[in-house]
2 protein chains.
Amino acid sequence: MDDINAPTRRQLFETIGKAGGLVALYQSMTALGHAAETQFHGPPVLSGAKKGATVVVLGAGLAGMLAAYELAKAGYKVQILEYQTRAGGRNYTLRGGDSHTEIDGTTQQVGFAPGNYLNPGPWRIPHHHRTLLHYCKALGVALEPFIQLNHNAYIHNTDALGGKPIRYKELATDFKGHISELLGKSLNQGALDDKVTAEDKERLIDALRNWGVLDKKLSYASSLKVSGQRGYDVPPGGGVTGAPTASQIDSLHDVLDSKVWNTMSFYFTYVMQTTMFQPVGGIDMIGKAFAREVGQMITYNARVSKIAQNDQGVEITYADNSTGIVGTVKADWCVCTIPLSVLGQLDVQVSDAKVAAIKAVPYSGMVKTGLEFKRRFWEEDESIYGGHSFTDQPISLISYPNFDFFKKSPAVLLGAFASGAAGYQFAGMTPEQRIEAALAQGEKIHPQYRQEFMNGTSVAWSRVPWTLGCCAQWSEDARKQHYQNLVSMDGRVVLAGEHASYYGCWMEGAMLSSIDAITRLHKRALEA
Amino acid sequence: MDDINAPTRRQLFETIGKAGGLVALYQSMTALGHAAETQFHGPPVLSGAKKGATVVVLGAGLAGMLAAYELAKAGYKVQILEYQTRAGGRNYTLRGGDSHTEIDGTTQQVGFAPGNYLNPGPWRIPHHHRTLLHYCKALGVALEPFIQLNHNAYIHNTDALGGKPIRYKELATDFKGHISELLGKSLNQGALDDKVTAEDKERLIDALRNWGVLDKKLSYASSLKVSGQRGYDVPPGGGVTGAPTASQIDSLHDVLDSKVWNTMSFYFTYVMQTTMFQPVGGIDMIGKAFAREVGQMITYNARVSKIAQNDQGVEITYADNSTGIVGTVKADWCVCTIPLSVLGQLDVQVSDAKVAAIKAVPYSGMVKTGLEFKRRFWEEDESIYGGHSFTDQPISLISYPNFDFFKKSPAVLLGAFASGAAGYQFAGMTPEQRIEAALAQGEKIHPQYRQEFMNGTSVAWSRVPWTLGCCAQWSEDARKQHYQNLVSMDGRVVLAGEHASYYGCWMEGAMLSSIDAITRLHKRALEA
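Predicted model only: the values in this text are computed from it and were never measured.

A. Up close: the overall build of chain A. Each helix and strand in chain A was counted, giving 17 helices and 23 strands. The C-alpha radius of gyration computed for chain A amounts to 27 Å, which stays within 12% of the reference 24 Å derived for 528 residues, consistent with globular compactness. Taken over the C-alpha atoms alone, chain A extends approximately 80 × 65 × 45 Å along its principal axes. By the burial criterion, 55% of the 528 residues in chain A qualify as buried.

As C-alpha cells, this is what we get:
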C-alpha cells in the first residue's frame, strides 16, 4: 500500500480491465499480488537515494534488517546498531550449547541433542504472510509445513470428562453432532420459520443431517457412521476379524465441559489457518539469511541511550555493552525498531504525542518451555504427528515437533506456552521450577513424561533484557488514540516493528511495518 | 488381531494392570500399540515354518509382497507370480518417460519434467494407518506431510454464488456463523427447553457466541472479528495504512447453495483427518522398498489362468505375457492377492461360496488426471499450498502438490479425481478429451489454466488391464452375505488385498488383510 505506486497500479488495472475482460483483469491482479490476502505488493521499489545519504537503523531484528537491506539497495549508506551480539532479535532459536540469561542474571545452558531446538519467539508462518514468504524465497530460506490442525491431538480440561485427555476429533465431532441435532429439531418444530424460508429450512436440515452425522430421526447417536468421524472402539481392519465396532459418543453436557469450541475457533482464526510453514532447522534461519546480506552494516553490543535529531540529521548515543565506551552515530535519517518496552525508557527526541504513544502500549509476557525427551512417544504410542494438544492448565498447550517425524532419537516439544496471568506465574519461577511445572501439568496428558524426560529450557519474555516482553499488546482504545502518532514520521525518525503494525506479535507485521516506514522515509528524503 | 497372540497379550495386560496401576497399564498398552487407533499390533510373529514348506503368492502388490516378506522370514520358500513387468501393483507412480496402456491398446506417454509425478492410485497415508507406517519405517521409506485441510483452497459450485470459486474459510465460517445464530436464538426463545437443561443452555449459548463469532445480540454479521476468521476485505498491514477492513459475509441462502458442509464433513472423516503423509518422491517408493526385499522371488509377466488345489498342495497355471509360454507352479500353499475384478474371470478351484463372494463385489472406476503447468500459479497468485479445491463438476477436485513448495519450475497437480458416474464418463473419453475436460472444468476455478498448461496424463482404472477397476466397493448387503466367505481359508488357498478388508481402497487394508491371511495360513500350515 505504498503511496507512490498505488495510483499507477490502479490505472494499469483499469486499462487491463477494459482491454481484456474480467479474466485478464483477475490474472493481472493476482500476478501482481492483488486479490490475494495481503497488503504486500512486492518488495518496495526504492531507488535513487541522494548521493551520500545515510540512515542509521536501531535494532537488527527482521524490521531493522529488512530496512537496511532495502535502503542499501536504494543507495543509502546504512549502519545498524544492535544491542545483542547476534542479529535476528526475537527471530531466534535455542540449540544445545546455547546459553541465555534473564534480567536478574539467571543463566540457562541448553542441553538439547544436535538437531533439536526451541523457537522461543515466532515459530510459524501463515500462508498469507506474503512479505515473509517473499523474503524467505529471495534469501534462500527453506521452508517446511508446520502442522497446525491435528485431529488426533488432545483436548484436556481439568474439570471435564474426569480430567482425561480426549482426542480433538472425538469432542469436535460430538459438538457439531449435538448442535446439529438441536438445530434440526428446532427447525422441524417450526421454531425458526420466521427466520428461514421453507426452501432453505429443508436444505438446512439436509445439511445438518450430513454435517452432524444425524440419524433418520435427526438424532445424534453412537453408530459406525459417527465413528467414521470421531473414531472407533475397534477400528476397521483386515481379514476375518476386520469388522469395526462403534465408539460411544459423549453427552452434550460433557462436551460443554470440555469447551472444545475454543479449539475449534482457534483453528478457524485467520492467522492460524492451514497451510502454515516453518523454516527448516529453526526460525532463526530467517534472521541469519538477512544477516548474510546486511551483517557488515551491524555494530553489535551497542546499547542505545539517546536518539537526538534536528533539521540536519539524527545523532544516536550508545555504549558498548562490554567496554562501556560511549559512542555516537550521526546520520541523515533513523529507522528505530527498538521494542517500545525498551524505547520508552530511552531519551528520545520526538514529539510529545509520539512519546505518549511509545509509552501507551504494554507488552505481553509469554513463557515458552522446551522439553527434550528420549523418544517421540507422542508419535510412537499415540499417533500424534505435529500440531498441538490444548489444556486449561497454565502451560496452555503442548506442541509437537513438525520435523524429523518417525525418527528414533531424542526430540524436543513445546511443553508450555504460558501467556497472560499464567505467563507471569511462570516468569516468577526459577528455570527448574518452570520445567517441573511443565512436567507436572504435561503428564496429565502424556503419562510417559517423567519416564522419557531428559532436559528442558524456558524463555520468559518479560525477563529478557533486550526486549522486556514478548510483543506489543495494543488495546482498541490505545490504537485509536496513539497508533497514527506512533507510526508517523517525526522529523528524521521513523519507527518500525511489529508494534508499528496491525499484525502485532507476527514477523509479517514487523516486515510490513518496515516496508511502509522506509517507503515514507525514502519519499521524504527525496523531497528534503 | 492375530488369533495366536491375542490371549497372551490380554493376560499380560491383566498382570501389568494389577501390578502397576492404570498409568503403567496405559503405558504398556500404548507401547504395545493398543489404545491406539488400529488393529495393527506389530508385524506378525511367524516362525518355525515346516522344513521345505512352500508358498506361491499371486500378485506383487503391497499385500502380496508383505506376505512374501513375512513368510520368507518365517522360513517358507516363497515364489511370487506378477502379471506386470514391475512390482507394486496399484501402488505406483507415473513420471516423465513412463508410458501406460489401457485395455483397448491406447497408450499414453508421460511428459512430466524431472521430479514431477502423478500417483494414479493411492496417494496419502492417514496417521492411524500404523501398518503402513510401520513398514515404511522398517523399509526406509521417507515420508513427508500431505496437506489435507487447506482453509485457503476453493469451494466451487456451478449454481452457487455466481459460479465463482470461494475460499473454504469464507464459506465454512459463514456456515457455522449462521447455524450458531439460528440455534442461539432458538435456545433464547426457549424452543429447546425440554431438551437442554438451564445450565447447559447458558453454556451452549456462550459456546455458540464464541464458535460462531456472534455479536452481542447473537447475530452473525459482518465485522472485523468475523473477518478474523473468514478473511478481510483489506487484511491487516503495517505502518500508516495498516488498518484492516471487514469483508462482507454471505447469506445463509448463498451458503446453502455452496453445499460447503460436504467439504466440512469430508475433513472430519476418520481416514481423511490430519496429520497425513506421503512418501517423498512418489507413492511407489513403498512398493519399491518391498521389491528390494522380495524382488528375487518375483516372476514377472506371469498371467495366471488357473488356481487348482488338492489335499497335497496348489498348482497355479500361468502364461508368460511376452512369449505365451504356459508354465505351472506347485506349492504347499497359496496367497492370492489378485483383484476380484480379475480373479472372478479365472478358473479358481475353491468353494462355491467363495466363488460367489469373489463375483459379488463390484470395482470402482475412478479416473485421475495429472496436469503439468509452467509454474505454481496456485501458490504464487492465490496462496494455496497443497490441499484440495472442490467442485461439483465431474473432476470433483483439484489437488495441489505437497512438495517443492515455492519452487520456480513446472509442477503437476491432480486435475481430476472423477468417480461414480463421472468416472465412467471420463473413462469413455480419449486421453486428449480427458485433458480437455479437466482444463475446461478447472479453468472455472483457476483462470490461469490455459495460459500455464504444458501437458497431462490420465489413468482410468476401469480400463487398466491388470486390475480392471480401482478398488472393491462392498455394499453392506454384500458384506453380510459374502465377506467371511471371501476371507476364509479355503483348503490351501487364502485371499488377501484391500478387497479382503474393512479398509477397502486403502493400502492399510491390503496390508492388514495380508497379515491376517498369512497368520492364519501359518497356523494351518503348522497344524497340517
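After presenting the structure, the write-up continues.
B. Structural view of the sheet that holds strand E16 (residues 333-336) of chain A. All names here are of chain A. Spatially, the five strands line up as an open sheet ordered E12-E2-E1-E16-E23, and their pairing is parallel. One side of each edge strand has no neighbouring strand; the edge strands of this open sheet are strand E12 (298-299) and strand E23 (493-495). Here strand E2 (residues 77-81) runs beside E12; their pairing, made up of two bridges, is parallel. Within the sheet, the bridge partner assigned to Ile80 lies in E12 and is Ile298.

C. Just the relation of the copies chain B and chain A, in detail. Once chain B has been moved 0.0 Å along the axis and rotated by 180°, it coincides with chain A to within an RMSD of 0.0 Å. This pairing of chains is accounted for by a two-fold axis. In terms of C-alpha distance to the rotation axis, chain B has B:Leu183 as its closest residue, with the C-alpha 2.7 Å off the axis. Take the interface residues of chain B: 100% of them recur as interface residues in chain A, which is what a same-surface contact looks like.

D. Local environment of the domain arrangement of chain A. Structurally, chain A comprises domain 1 (42-87 + 297-360 + 473-527), domain 2 (94-152 + 274-282 + 364-463) and domain 3 (170-247). Inter-centroid distance (C-alpha atoms) of domain 2 of chain A to domain 3 of chain A is 36 Å.

E. Main features of the interface of chain B and chain A. On the chain A side, the residues contacting the 87 residues of chain B number 87 residues. Residue composition of the side of chain B that touches chain A, by class: 41 nonpolar, 36 polar and ten charged.

F. Representation of the sheet that holds strand E13 (residues 302-309) of chain A within the structure. All names here are of chain A. Pairing in this open sheet of four strands is mixed, and the strands run E15-E14-E13-E17 from one edge to the other. Of all strands in the sheet, those bounded by a partner on one side alone are strand E15 (326-331) and strand E17 (347-348). Where E13 meets E17, two bridges bridge the pair, whose relative direction is parallel. Along E17, the bridge assignment pairs Ile307 with Val348.

G. Focus on unusual backbone geometry. All names here are of chain A. In the segment running from Thr274 into Thr275, the intervening peptide bond is cis, with an omega of 0°. Along the chain, Thr275 turns up in the loop between helix H8 (260-268) and strand E11 (276-279). Even without being a glycine, Asn301 presents a positive backbone phi close to 65°. With respect to the element layout, Asn301 can be found in the loop between E12 and E13.

H. How the structure looks around the packing of helix H4 (residues 168-188) of chain B against helix H8 (residues 260-268) of chain B. Residue and element names in this part refer to chain B. Between H4 and H8, the least distance of the axes is 10 Å, while the angle of their chain directions is 100°. The angle between H4 and H8 falls in the class roughly perpendicular. Touching Tyr168, Leu171, Ala172 and Phe175 of H4 are Val260, Trp261, Thr263 and Met264, all from H8. For the contact of H4 with H8, a count of residues per class yields seven nonpolar, one polar and no charged.

I. View of the environment of B:Leu182. The topology assignment puts B:Leu182 in helix H4. C-beta crowding within 10 Å serves as the criterion here: with 23 such atoms nearby, B:Leu182 is assigned to the buried category. When the C-alpha atoms of B:Leu182 and B:Tyr220 are compared, they prove to be 9.2 Å apart, with 38 residues separating the residues in sequence. If sequence neighbours within four positions are ignored, B:Leu182 has contacts with A:Leu183, A:Leu192, A:Lys195 and A:Val196.

J. Looking closely at the confidence of the model for chain A. Residue and element names in this part refer to chain A. Of the residues in chain A, 93% have a pLDDT of 70 or more, and the chain-wide mean is 93. Contacts from residues 1-35, a stretch scored under 50 in pLDDT, to residues over four places away or in other chains number 34 contacts. Interface predicted TM-score (ipTM) for the complex: 0.93; the corresponding pTM is 0.93.

K. A look at the pairing of strand E21 (residues 411-418) of chain B. All names here are of chain B. Of all eight residues in E21, eight are buried; the element is thus mostly enclosed. Where strand E18 (residues 367-373) and E21 come together, seven bridges link them in antiparallel fashion. Looking across to E21, one finds that Glu372 is bridged to Val412.

L. Summary view of the environment of B:Val78. Residue and element names in this part refer to chain B. Topologically, Val78 is positioned in strand E2 (residues 77-81). Take Val78: there are 25 C-beta atoms within 10 Å of it, and that puts it in the buried class. A C-alpha to C-alpha distance of 37 Å links Val78 and Phe112, two positions 34 residues apart in sequence. Those residues in contact with Val78, other than ones at most four positions away along the chain, are Val55, Val57, Ala68, Leu71, Ala72 and Met297.

M. Quick look at the packing of helix H2 (residues 62-73) of chain A against helix H17 (residues 507-527) of chain A. Residues and elements named next belong to chain A. Look at H2 against H17: their axes get within 8 Å of each other, and the N-to-C directions meet at 35°. Our pair here, H2 against H17, has a crossing hand that is right-handed. Where H2 approaches H17, its residues Leu62, Ala63, Leu66, Ala67, Glu70 and Leu71 are matched on the opposing element by Met507, Ala510, Met511, Ser513, Ser514, Ala517 and Ile518. Grouping the amino acids of the contact of H2 with H17 by side-chain chemistry returns ten nonpolar, two polar and one charged.

N. Layout of helix H14 (residues 431-442) of chain A. Residue and element names in this part refer to chain A. Counted at 1.5 Å a residue, the expected span for H14 with its twelve residues is 16 Å, and the 16 Å between its end C-alpha atoms agrees. By the burial criterion, the buried members of H14 are Arg434, Ile435, Ala437, Ala438, Gln441 and Gly442. The arc that holds every buried residue of H14, seen down its axis, measures 160°, which confines them to one face. Exposed side of H14, more than 90 degrees from the buried face: Glu432 and Gln433 are the residues found there.

O. Up close: the nonpolar core. Grouped together as the largest cluster of nonpolar side chains are 314 residues, with contacts concentrated most on A:Cys334, A:Val335, B:Cys334 and B:Val335. Those residues within four positions of B:Val335 in sequence are excluded, and the remaining contacts are B:Val55, B:Val57, B:Gly64, B:Ala67, B:Val494, B:Ala496, B:Ala517, B:Ile518 and B:Leu521.

P. Expanded view of the environment of A:Val314. All names here are of chain A. Within the secondary structure layout, Val314 lies in strand E14 (residues 314-320). Classification of Val314 by C-beta neighbours within 10 Å gives buried; the count is 23. For the pair Val314 and Gln425, spaced 111 residues apart in the sequence, the C-alpha separation amounts to 41 Å. With near-sequence residues (within four places) excluded, Val314 lies in contact with Val56, Ile307, Ala308, Gln309, Ala331, Trp333, Cys334, Arg492 and Val493.

Q. View of H8(A). Every buried residue belonging to H8(A) is among A:Val260, A:Trp261, A:Thr263, A:Met264, A:Tyr267 and A:Phe268, and all of these are buried. Looking straight down H8(A), one finds that the buried residues subtend no more than 160° of arc, so they occupy a single side.

Basis of the calculations
- Residues numbered from 1 in each chain as written.
- Chains lettered and ligands numbered in written order.
- Predicted model: local features only at pLDDT ≥ 70, side-chain atom pairs only at ≥ 80, totals over all residues.
- Helix = DSSP H or I, 4+ residues; strand = E, 2+ residues; numbered from the N terminus.
- Rg over C-alpha atoms; globule rule 2.2 N^0.38 Å.
- Buried ≥ 20, exposed ≤ 12 C-beta atoms within 10 Å, placed from the backbone.
- Pairing = 2+ DSSP bridges.
- Least-squares fit on C-alpha atoms with pLDDT ≥ 70 in both.
- Contact = placed C-beta atoms within 7 Å.
- Domains from an automatic or database assignment.
- Nonpolar A, V, L, I, M, F, W, Y, C, P; charged D, E, K, R; others polar.
- Axes fitted to C-alpha atoms, helices over the stretch in contact; angles between N-to-C directions.
- Parallel < 35°, antiparallel > 145°, perpendicular 65-115°, else oblique.
- pLDDT = per-residue confidence, 0-100.
- Left-handed = near helix turned anticlockwise from the far one by under 90°.
- Expected span 1.5 Å × (residues − 1).
- Arc of directions from axis to C-beta.
- Core = buried A, V, L, I, M, F, W, Y, C linked by C-beta atoms within 7 Å.

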